[in-house]
Amino acid sequence: MIEDVDRPGFFKDYHRSVRKATTNDQFNEFSKLKTDEERVRFCFNLPAVHDIDIKPFFKGKSEKEALDKKEAGNRCFGRKNNLEALKLYSQAVVKAPVPSGKYWKLIKECADPKKMTLYAICLANRSAALYHLREYRYCVKDIDEALEHHYPRELKYKLFKRKARLMSHMKQHIEARDAFRQALKWLDWAKMEREKRIELQTELQKWLKLYETGKVVKNLDIPESLIEPSPMVPVLTDGSNELFPSLSKKVEICYDNNMGRFAVASEDIEPGETLVTELPYSSILNREEYGSHCQKCFKITKAPIPCKKCSSVLFCSAECRQASLFHTIECPILDLLVGSGMSINCFLAFRTLTQSPLSFFLNLRDKLTEENHPEETANSKEVYDPTDFLRFYRLVCHSQHRTPEDFFHRTIMVCFWLKALKKTKFFEGKGSGSSDKISDVEAFIGGLLLRFLQLIQFNAHEVSEFMLKAPKTLDESKNESLGAAIYPTLALFNHSCHSAQVRYFTGIQVVTKSIRNIKKGELVPENYGQSFTCKDRSNRRMELADRYWFECKCEACQNDWPLYKNMNNTSMKFKCTKCQAILPINSETHLMPVAKCEKCGEQTNIMGTLKNLQNTEQTFKGACKEMEAFNLEKAESLLVENLKQLETCLYPPYRDYHLTQEAYMKVCLCQGNIRIKTPKVEE
Ligand SMILES: C[S@@+](CC[C@H](N)C(=O)[O-])C[C@H]1O[C@@H](n2cnc3c(N)ncnc32)[C@H](O)[C@@H]1O
């Protein structure tokens, strides 16, 4: 999808008017073009493409707003309402002009120390609120950022003293000693009475002596820091596949002419095994999360660090800001892009370009051909490196099946992007220099963007977080979208409506775990959001054909398995204990204790199996209790045990089995990104 259906914007009208102005002859000529670069060049030369005024458009800083928020924060801090103070100081930090680059020069010229120090003071004030909230890690980060951005020298001793106490508390004694030394040094600049200065000097020297003589005191007057553990990424079951480092050794990639590349089990896989862990090649945060999550790593920003120029985006740390080259390109045109109403997938295609400099793409130019040889992925002996641009570039994009209308629509989006990129530093002087002329370099980049737009349609994944209504409760919990990303290895998995894996995220890293048995040689499918338990076959097939362009022939589709709500536990598919063939049994009408296999003639003990099923019911109840108490490790092991037990005697679909899978998936989702819903405060 090119436009975001929930967010109207001007692109729709722009595309419509360019299409209307295109004559039949022009469109016929366009339809005959063979390469993406030719398509972009052709459309960029249509006069109607330039009937749009593209201007840099973004939300800047506001000294006044920053001052207002800081003052409001100070009032809350004075009333010991640290949480509210944190919120207000954060707003001040985001709005305060950052003394760097062009702005910094301006300030220096007008030499207004108040302006110059505002950002640093807002950060320092926030560090005090964080200190009281015992968010020590964030507190240290704010202190460092303030010290790097012109914090007034007469107050510096205070910040270093705060830092020293924090470091000491976090048992980082060398850093604590250094910070005490700095506090002592900057005390010389402090404006205070002589007696007070001597008193402080004595105190600092006392601490320093303890550090320098090795007599470090374990605890100062603040309690243990509440450092939240980051979610753990599990290790791949049996280690990683040598050729596909993001896959477990139990999974390999195969190819055939009908299905393209797909994942297959190279060993028997049981429920609960970790099959994939992978970082994305590129990722993009949903617009709705800009105010709460880091643009780079998608973590919730408790004490956000802003962009130095705009007030639209946040980072969790100065490190993430530093690593976000994409934003330096996107910053001046961000609101323009948002206003166009383009979809999240379009943003992802655009981000895949802006995250690397122009020179990166120009260096690869000779290696980029538009033909794909997907069979090479399965047959090659080269390591499949998911950070390699060529792996991303060679994902499936079905160009040969696209209609001219589809190509035209996407190419107009690319023309809009090129016009916007011309207003940024992206082309590093290699552009045409004119807004309605296209240079060779620009046409090459346009061609790339057109390809990204095509392949992202089939290969993007939604990145999510698990929303809990309150801490440690799974009631009313649900998975919610955070953004989108491209995982070059996970994108090689084909779909089945009978899910085989649960997918969750720690930050932007994806993890998948098996939720059922997969025998050696069988397909290891992904689920493209069309599970047979909750959507009927015709709708699933229609949506898959519409979005992914294939007809699903999975077992759930072929046998038209019932929806979860229509499943019952009376008609069951038992497994023959000898040859594993299906024994269809209706538990209400089958009165014999055994059933004979039509394939091998073996008698299977049905009563025994039914007894086993009663046991699994008990185990499931036990797992639910553990989930209620939020004992997730225990719940996970009981659910995995149950799935394994059910797998030994039954074939799906089976109500209890899918119920257990659902519960297991919930427990897994809790191991990734979690967010506690904050109740809306009535105004
Ligand atoms: C994310 S890609 C999967 C990997 C792809 N097969 C490849 O060779 O790169 C999605 C595309 O794979 C194909 N595909 C996925 N699941 C399929 C299935 N169950 N049957 C046939 N083709 C499938 C479709 O062409 C779809 O557009």
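The model shown is predicted, which means the values in this text are computed figures rather than measured ones. (Residues numbered from 1 in each chain as written. Predicted model: local features only at pLDDT ≥ 70, side-chain atom pairs only at ≥ 80, totals over all residues.)

**As for the overall build of the chain**
Moving on, step 1. Looking only at helices and strands, the chain has 25 helices and 16 strands in total.
Moving on, step 2. Reported as C-alpha extents along the three principal axes, the dimensions of the chain are approximately 100 × 75 × 55 Å.
Moving on, step 3. Taking all 683 residues of the chain together, the buried fraction comes to 41%.
Moving on, step 4. Residue pairs in contact within the chain that sit at least 24 positions apart in sequence constitute 68% of those at least 6 positions apart. (Helix = DSSP H or I, 4+ residues; strand = E, 2+ residues; numbered from the N terminus. Buried ≥ 20, exposed ≤ 12 C-beta atoms within 10 Å, placed from the backbone. Contact = placed C-beta atoms within 7 Å.)

**Quick look at the sheet that holds strand 15 (residues 650-651)**
Moving on, step 1. The three strands lie next to each other as 12-11-15, forming an open sheet whose pairing is antiparallel. The strands lining the two open edges of the sheet, one partner per strand, are strand 12 (582-586) and strand 15.
Moving on, step 2. The pairing of strand 11 (residues 571-575) with strand 12 spans five bridges and is antiparallel. Opposite Met-572, over in strand 12, you have Ile-585 as the bridge partner. (Pairing = 2+ DSSP bridges.)

**Focus on helix 8 (residues 136-148)**
Since the α-helix packs 3.6 residues into each turn, any two residues three or four apart lie on the same face.
Moving on, step 1. Compared with the 18 Å implied by 1.5 Å per residue over 13 residues, the 19 Å span of helix 8 between its first and last C-alpha is a close match.
Moving on, step 2. Summarising the contacts, the buried residues of helix 8 are in contact with helix 7 (113-132), helix 9 (156-169), strand 5 (305-306) and helix 12 (318-322).
Moving on, step 3. Directly after helix 8, the chain includes His-150, whose backbone phi takes a positive value near 65°. (Expected span 1.5 Å × (residues − 1).)

**Overview of the domain arrangement of the chain**
Moving on, step 1. Domains assigned within the chain are domain 1 (11-58 + 287-359 + 404-461), domain 2 (63-212), domain 3 (251-279 + 487-558) and domain 4 (568-676).
Moving on, step 2. The centre of domain 1, based on its C-alpha atoms, is set 31 Å off from the matching centre of domain 3.
Moving on, step 3. Taken together, the six residues of domain 1 in the interface contact seven residues of domain 3.
Moving on, step 4. Along the lines of polarity and charge, the residues of the side of domain 1 that touches domain 3 split into three nonpolar, two polar and one charged. (Domains from an automatic or database assignment. Nonpolar A, V, L, I, M, F, W, Y, C, P; charged D, E, K, R; others polar.)

**A word on the pairing of strand 3 (residues 274-278)**
One face of the sheet, then the other: side chains in a regular strand alternate in exactly this way.
Moving on, step 1. When you tally the buried positions in strand 3, you get four out of five residues, the bulk of the element.
Moving on, step 2. Bridge analysis of strand 3 against strand 10 (residues 509-514) gives four bridges, and the strand direction is antiparallel. Each residue of the ladder has a partner; that of Thr-274, found in strand 10, is Lys-513.

**Let's talk about the sheet that holds strand 10**
Moving on, step 1. Across the sheet, which stays open at both edges, the three strands sit in the order 3-10-9 with antiparallel pairing between neighbours. The sheet is open, and its two borders are formed by strand 3 and strand 9 (501-506), each paired with just one other strand. This sheet shows a mean twist of 15° between the axes of neighbouring strands, independent of strand direction.
Moving on, step 2. Strand contacts of helix 25 (residues 655-669): strand 9 and strand 10, with the helix running at about 15° to strand 9, the strand carrying the most contacts. (Axes fitted to C-alpha atoms, helices over the stretch in contact; angles between N-to-C directions.)

**A short note on the nonpolar core**
Moving on, step 1. Cys-122, Ala-183, Met-413 and Leu-449 are the most contacted members of the largest nonpolar core, which has 161 residues in total.
Moving on, step 2. Apart from the residues lying within four places of it in its own chain, the contact partners of Met-413 are Ile-2, Phe-11, Met-342, Cys-346 and Leu-453. (Core = buried A, V, L, I, M, F, W, Y, C linked by C-beta atoms within 7 Å.)

**Brief notes about the site of the ligand**
Moving on, step 1. Near the ligand lie 17 residues; those nearest to it are Gly-260, Arg-261, Asn-494, His-495 and Phe-550.
Moving on, step 2. Here the element with the most residues in the shell around the ligand is strand 2 (residues 260-265); it accounts for three residues.
Moving on, step 3. Split into classes, the residues belonging to the shell around the ligand amount to 12 nonpolar, four polar and one charged. (Near = placed C-beta within 6 Å.)

**Quick word on the packing of helix 23 (residues 606-628) against helix 24 (residues 632-649)**
Moving on, step 1. Interaxial distance between helix 23 and helix 24 falls to 9 Å at its minimum, and their mutual angle equals 160°. In terms of axis orientation, helix 23 runs roughly antiparallel to helix 24. Considering how the two elements wind past one another, helix 23 and helix 24 form a crossing that is left-handed. Together, Thr-609, Asn-612, Thr-616, Thr-619, Phe-620, Gly-622, Ala-623, Glu-626 and Met-627 of helix 23 and Lys-634, Ala-635, Leu-638, Leu-639, Glu-641, Asn-642, Gln-645, Leu-646 and Cys-649 of helix 24 make up the contact between the two elements.
Moving on, step 2. In terms of residue class, the contact of helix 23 with helix 24 is built from eight nonpolar, seven polar and three charged. (Parallel < 35°, antiparallel > 145°, perpendicular 65-115°, else oblique. Left-handed = near helix turned anticlockwise from the far one by under 90°.)

**Focus: the environment of Leu-130**
Moving on, step 1. The topology assignment puts Leu-130 in helix 7.
Moving on, step 2. The exposure class assigned to Leu-130 is buried, which follows from the 27 C-beta atoms found within 10 Å.
Moving on, step 3. Residues Leu-130 and Asp-142 lie 12 residues apart in sequence; the distance between their C-alpha atoms is 9.0 Å.

**Quick word on the packing of helix 5 (residues 82-95) against helix 7**
Moving on, step 1. Helix 7 packs onto helix 5 with a crossing angle of 160° between their chain directions and a minimal axis gap of 9 Å. One element, helix 5, and the other, helix 7, form an angle in the roughly antiparallel class. In the packing of helix 5 onto helix 7, the handedness of the crossing is left-handed. Side by side, helix 5 and helix 7 meet where Asn-82, Ala-85, Leu-86, Tyr-89, Ser-90, Ala-92 and Val-93 of the first sit next to Tyr-119, Cys-122, Leu-123, Asn-125, Arg-126, Ala-129, Leu-130 and His-132 of the second.

**Here we look at unusual backbone geometry**
Moving on, step 1. In this chain, Pro-652 is followed by Pro-653 through a cis amide linkage whose omega measures 0°.
Moving on, step 2. Relative to the helices and strands, Pro-653 is located in the loop between strand 15 and helix 25.
Moving on, step 3. For Arg-134, which is not a glycine, the phi torsion comes out positive at approximately 60°.
Moving on, step 4. Summarising the element assignment, Arg-134 is placed in the loop between helix 7 and helix 8.
Moving on, step 5. Of note, the phi angle at Lys-472 is positive, near 55°, even though the residue is not glycine.

**Focus: the pairing of strand 4 (residues 282-285)**
Moving on, step 1. Taking every second residue as pointing to the same face, both faces of strand 4 are buried, with Ser-282 and Ile-284 on one and Ser-283 and Leu-285 on the other.
Moving on, step 2. Judged from the four bridges that link them, strand 4 and strand 8 (residues 478-486) form a sheet pairing that is antiparallel. Residue pairing for strand 8: Ser-283 is matched across the bridge by Ala-485.

**Structural notes on the environment of Ser-432**
Moving on, step 1. By the element assignment, Ser-432 lies in the loop between helix 19 (404-421) and helix 20 (440-459).
Moving on, step 2. Residue Ser-432 is classed as partly exposed on the basis of its 17 C-beta neighbours within 10 Å.
Moving on, step 3. Ser-432 sits 245 residues away from Lys-677 along the chain, and the two C-alpha atoms are 49 Å apart.
Moving on, step 4. Excluding residues that lie within four positions of it along the chain, Ser-432 makes contacts with Lys-437, Ile-438, Ser-439 and Glu-442.

**A look at the confidence of the model for the chain**
Interpretation of the predicted coordinates at a detailed level should be avoided for regions scoring low in pLDDT.
Moving on, step 1. Averaged over all residues, the pLDDT of the chain is 91; the fraction at 70 or higher stands at 95%.
Moving on, step 2. This stretch, residues 219-227, has a pLDDT under 50; its non-local contacts, to residues over four places away or in other chains, come to 12 contacts.
Moving on, step 3. Complex prediction metrics read pTM 0.91 and ipTM 1.00. (pLDDT = per-residue confidence, 0-100.)

**Observations regarding the environment of Cys-497**
Moving on, step 1. In this fold, Cys-497 is placed in the loop between strand 8 and strand 9.
Moving on, step 2. Look at Cys-497 and you get buried, because 22 C-beta atoms sit within 10 Å.
Moving on, step 3. Not counting residues within four places of it along the chain, the set of residues in contact with Cys-497 comprises Gln-530, Ser-531, Phe-532, Arg-540, Cys-552, Cys-554, Ala-556 and Cys-557.

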